[in-house]
Amino acid sequence: MFKLMDQGALKTPSKPISTKIVSNTPGRLRLRVAQGDRQSRKMHIITSVLEAQPSVSQVRTNIHHGSILIKHSGKKGSLENVLATLHDIGIIFGDISQGSTEAAVSLSIAVVDLNRRVELATDGVVDLRFFFPLGLSMLAVRQLLVQGLQLEVIPWYLLAWYAFDSFIKLNEIHQPLLSSESR
């Protein structure tokens, strides 16, 4: 939970706040906060911290829907500054869904953290969105070489399709990519 210091500064939260980027257009970012984190105190602190940023012109929240609308200058680097600020106060980005169990949330946090570590280890060149489809592609080639065109167990073409499909879905153009410098 957030704790305010006497000077009004924000301490890092003890538990990350799960959010999802719903929309990202030049100068405008909309987030959806996970159901368990939709508390007026948390949303107010997020709003206060964002409004203190020079590149942010407006922040609107809807606690009931868990929506945060951030209007920023849209100039080069302003989105990265907003995302870095959100990361600094404990916001994590991922797929949030209604009624997630604690185990599912913990696993999601672990995968997001692993992805961040892989990206940092490779200096931002690749992350799990590249390695997962690559692994499936390698399995597809192995299945083809070992079993030929046989259609039993897991056929090579199915693995090849999953590799292609997961690469496309994991690397959608409209998703903002966080550079290793802004994390």
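Structural data are supplied above this passage.
Note that this is a predicted model, so its numbers are computed, not measured. Each chain carries its own residue numbering, running from 1 in the written order of its sequence. With pLDDT at 70 or above as the cut-off, local features in this predicted model cover only qualifying residues; side-chain atom pairs require 80 or more to be listed or tallied, and sums for whole chains, interfaces and linings still use all residues. With hydrogens and water stripped out, all remaining heavy atoms of the structure feed into the side-chain values.

### Section: helix H2 (residues 78-88)
Residues separated by three or four positions in an α-helix point in the same direction, a consequence of the helix having 3.6 residues per turn. All of the buried residues in H2 are Ser78, Leu79, Val82, Leu83, Ala84, Thr85 and Leu86. For this analysis, residues touch if any pair of their heavy atoms sits within 4.5 Å. We count a stretch as a helix when DSSP gives it H or I for four or more residues in a row; a strand needs E for two or more, and each element gets its number in order from the N terminus. Among the structural elements, strand E1 (17-25), strand E2 (28-33), helix H1 (40-51), strand E3 (56-62), strand E4 (67-72) and strand E5 (91-93) are those in contact with the buried residues of H2. Backbone geometry just after H2 places Gly90 at a positive phi near 100°. Partly exposed describes any residue whose relative accessible area lies between the buried limit of under 20% and the exposed limit of over 50%, with all areas from a 1.4 Å probe on protein chains only and scaled to the type maximum.

### Examining a nonpolar patch on the surface
A contiguous nonpolar surface patch, about 1,200 Å² in accessible area, is contributed by Phe130, Phe131, Leu134, Met138, Ile154, Tyr157, Leu158, Trp161, Tyr162, Phe164, Phe167 and Ile168. Of all the elements in the fold, those that place two or more residues in the nonpolar patch are helix H4 (128-147) and helix H5 (156-170). In this fold, Leu134 is placed in helix H4. A residue counts toward a patch only above 30% relative accessible area and without a salt bridge, and it is joined to like-charged neighbours within 9 Å or, for Val, Leu, Ile, Met, Phe, Trp and Tyr, to nonpolar neighbours within 5 Å. Surface accessibility in these figures is a Shrake-Rupley result with a 1.4 Å probe; residues are shielded only by whichever protein chains are displayed. By definition, a salt bridge exists where a carboxyl oxygen of Asp or Glu is found within 4 Å of a side-chain nitrogen of Lys or Arg.

### Comments concerning the packing of aromatic side chains
Under the pairing criterion, centres of Phe, Tyr and Trp rings, with the six-membered ring standing for Trp, must be within 6.5 Å; the plane angle then separates stacked pairs below 30 degrees from edge-to-face pairs above 60, leaving the rest tilted. Within this structure, the stated rule accounts for 3 aromatic pairs. Taking the centre distance of 6.1 Å and the plane angle of 90° together, the rings of Trp156 and Tyr157 count as edge-to-face. Taking the relative accessible area as the measure of exposure, Tyr157 reaches 41% and is therefore partly exposed. With centroids separated by 5.7 Å and ring planes inclined at 45°, the aromatic side chains of Trp161 and Phe164 adopt a geometry described as tilted. Of this pair, Trp161 and Phe164 both sit in helix H5, 3 residues apart, roughly one helical turn.

### A few points about the pairing of E4
Across the 6 residues of E4, 5 count as buried, placing the element largely inside the fold. Here the rule is simple: two strands pair whenever DSSP picks up at least two bridges between them. Bridging between E2 and E4 involves 5 bridges; their strand directions are antiparallel. Counted as the bridge partner of Arg28 is Lys71 from E4. When E3 meets E4, the two strands line up antiparallel, connected through 6 bridges. Opposite Gln58, over in E4, you have Lys71 as the bridge partner. Between the antiparallel neighbours E3 and E4 lie 4 residues, among them Gly66 with a positive phi of about 70°.

### Concerning the sheet that holds E2
Strand order in the open sheet made by the 5 strands is E3-E4-E2-E1-E5, with mixed pairing throughout. Looking along the sheet, the strands with just one partner apiece sit at the ends: E3 and E5. For this sheet the average axis-to-axis angle between neighbouring strands, irrespective of direction, equals 30°. Here E1 pairs with E5 via 3 bridges, running parallel. In the sheet register, Ser18 faces E5, and the bridge partner there is Ile92. Across the sheet, H1 touches E1, E2, E3, E4 and E5, and the angle it forms with E3 is around 170°. Sheet strands touched by H2: E1, E2, E3, E4 and E5. Its angle to E4, the strand with the most contacts, is close to 140°. As a rule, the C-alpha atoms of each element are fitted with a line to give its axis, helices using only the stretch in contact, and angles between N-to-C directions run from 0 to 180 degrees.

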